[in-house]
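Structure assessment
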Amino acid sequence: MQSTEALATTSPASAATSAATSSPGPTAVPEATLLELTRIAKTFHTDDVETRALSNVELSVGKGEFVSISGPSGSGKSTLLAILGLLDVPSEGEYRIGGENTAKLDSVRRAALRNRSIGFIFQAFNLIGDLSVEENVELPLTYRGMPAGERKRRVAEALDGVSMVHRARHMPAQLSGGQQQRVAVARAIAGDPLILLADEPTGNLDSKNGDAVMELLEQMHAKGATICMVTHNPDYARKATRVVHLFDGRVVEDRRG
Ligand code: ADP
């Protein structure tokens, strides 16, 4: 089992090596399990209203799996992704990453794990409007304390990977939606994350740009990244190796293949 500190400094390729060489302790989850949700519930309280967004969710995601998460609006997909990405905490249950209980992490270790091991892609791109394309991609690497030379190299590589090098100095508003999402993908993959979380990454794109973004995700998966992607598009869901369907905050279908 890897500690979250080890995970926080591990790339998909080196994680695969360490998974093959380390042996789990008696209470460890199997080496292949990267994300493990046990009896997760999430309840939101607003004024007098209580909303149960997730109930009794059990989900184990292995290293290198590509999971598509679907379900009607309000079924808890974004809440589930926020918990997986350490952006929110469950009200009940346990969430383990690499065998370590995330509830036991202090805020500094939690932020470090999120920053180093998890890449996010959102439907609305979420680029920072007054930073250039290259500055947007670089920012999470700066938060990580990465030296400038390595940051520049990774930014150039990531932009090359999404064919956006020629727009490096542009501002997000000067780009089309498809181009903005390609930059958001570059930002998510520049840090070589173990886990890639995508919340309807093609939701605001036409089919040509949507297909291009899906192709990038498939490339990341082929390189060893673990991906959890919320999508409404059945064709894109079929690209995943596993389909999880939510209804009313519960997992009602979970199938591989
Ligand atoms: P989905 O992504 O499947 O559309 P969500 O996870 O966004 O579903 O929401 C699940 C339920 O939780 C919905 O009923 C939603 O209104 C509620 N919800 C989500 N976030 C909050 C919040 N911050 N405060 C209150 N209710 C919320």
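First things first, this report covers the structure right here in the doc. (Residues numbered from 1 in each chain as written. Predicted model: local features only at pLDDT ≥ 70, side-chain atom pairs only at ≥ 80, totals over all residues.)

1. As for the overall build of the protein
- If you tally the helices and strands in the protein, you get 9 helices and 10 strands.
- Expressed as a percentage of the 257 residues in the protein, the buried residues total 44%.
- In the protein, once contacts between residues fewer than 6 apart in sequence are set aside, the share between residues at least 24 apart is 73%. (Helix = DSSP H or I, 4+ residues; strand = E, 2+ residues; numbered from the N terminus. Buried ≥ 20, exposed ≤ 12 C-beta atoms within 10 Å, placed from the backbone. Contact = placed C-beta atoms within 7 Å.)

2. Thoughts on helix α6 (residues 148-161)
- Compared with the 20 Å implied by 1.5 Å per residue over 14 residues, the 20 Å span of α6 between its first and last C-alpha is a close match.
- Taken together, the buried positions of α6 are occupied by R151, V155, A158 and L159. One side of α6 holds all its buried residues, which, seen down the axis, span an arc of 95 degrees. Projecting away from the buried face of α6 at angles above 90 degrees are the exposed residues G149, E150 and D160. (Expected span 1.5 Å × (residues − 1). Arc of directions from axis to C-beta.)

3. Focus on the site of the ligand
- In the vicinity of the ligand, the residues found are F44, T46, T51, A53, G71, S73, G74, S75, G76, K77, S78 and T79.
- Among the elements of the structure, β1 (33-46), β2 (49-62) and α3 (77-84) are those that each provide at least two residues to the shell around the ligand.
- Sorting elements by how many residues they give to the shell around the ligand places α3 first, with 3 residues.
- Looking at the shell around the ligand residue by residue, the classes come out as 2 nonpolar, 9 polar and 1 charged. (Near = placed C-beta within 6 Å. Nonpolar A, V, L, I, M, F, W, Y, C, P; charged D, E, K, R; others polar.)

4. Quick notes on the nonpolar core
- If you look at the biggest cluster of nonpolar residues, it comprises 61 residues, and the most contacted ones within it are V185, A186, L197, I227 and C228.
- Element by element, the count of residues in this core is highest for helix α7 (residues 177-190), at 7 residues.
- Excluding its chain neighbours within four sequence positions, the residues that come into contact with A186 are V137, A158, L159, G161, V162 and M164. (Core = buried A, V, L, I, M, F, W, Y, C linked by C-beta atoms within 7 Å.)

5. Things to note about the sheet that holds strand β7 (residues 195-199)
- Read from one edge of the open sheet, 6 strands run β6-β7-β8-β3-β9-β10, paired in mixed fashion. The sheet is open, and its two edges are formed by β6 (118-122) and β10 (250-256), each paired on a single side. Mean inter-strand twist for the sheet, computed between neighbouring axes without regard to direction, equals 15 degrees.
- Of the strand pairs in this sheet, β7 and strand β8 (residues 226-230) are connected by 5 bridges, and their pairing is parallel. (Pairing = 2+ DSSP bridges. Axes fitted to C-alpha atoms, helices over the stretch in contact; angles between N-to-C directions.)

6. Observations regarding the sheet that holds β1
- The sheet built from 4 strands is open, its strands ordered β2-β1-β4-β5 with antiparallel pairing. At either margin of the open sheet sits one strand with a lone partner, and together these are β2 and β5 (100-101).

7. Things to note about the packing of α6 against α7
- It is the contact of α6 with α7, at a shortest axis distance of 9 Å, that shows an interaxial angle of 135 degrees. For the element pair α6 / α7, the angle class is oblique. Considering the relative orientation of α6 and α7, their crossing is right-handed. Note on element contacts: α7 touches α6 through A186, I189 and A190, opposite R154, V155, A158, L159 and G161.
- Residue composition of the contact of α6 with α7, grouped by class: 6 nonpolar, 1 polar and 1 charged. (Parallel < 35°, antiparallel > 145°, perpendicular 65-115°, else oblique. Left-handed = near helix turned anticlockwise from the far one by under 90°.)

8. Side note on the packing of helix α5 (residues 133-143) against α6
- Between α5 and α6, whose axes approach to 9 Å, the crossing angle comes to 130 degrees. With respect to α6, the axis of α5 lies oblique. Relative to α6, the crossing made by α5 is right-handed. Of α6, the residues touching α5 (which contributes E134, V137, E138, L141 and T142) are R151, R154, V155, A158 and L159.
- Tallied by class, residues from the contact of α5 with α6 come to 5 nonpolar, 1 polar and 4 charged.

9. Thoughts on the environment of L246
- With respect to the helices and strands, L246 occurs in strand β9 (residues 242-247).
- For the pair formed by L246 and L80, sequence separation is 166 residues and the distance between their alpha carbons is 9.7 Å.

10. Things to note about the pairing of β7
- Within β7, 5 of the 5 residues are buried, which leaves it mostly tucked inside the rest of the structure.
- What you see with β7 is no split at all: I195, L197 and D199 on one side and L196 and A198 on the other are buried throughout.
- Where β6 lies against β7, 5 bridges are found, and the strand directions are parallel. What sits directly across from G119, in β7, is L196.
- With helix α8 (residues 207-222) bridging β7 and its parallel neighbour β8, the resulting β-α-β unit is right-handed. (Right-handed = clockwise from strand over helix to strand, strands pointing away.)

11. Some remarks on the pairing of strand β3 (residues 66-70)
- Most of β3 sits inside the fold, with 5 of its 5 residues counted as buried.
- Alignment of β3 against β8, held across 4 bridges, turns out to be parallel. Bridge pairing in β8 links V67 to C228.
- Sheet analysis places β3 next to β9, joined by 4 bridges and oriented parallel. Paired with S68 across the two strands is V243, which belongs to β9.

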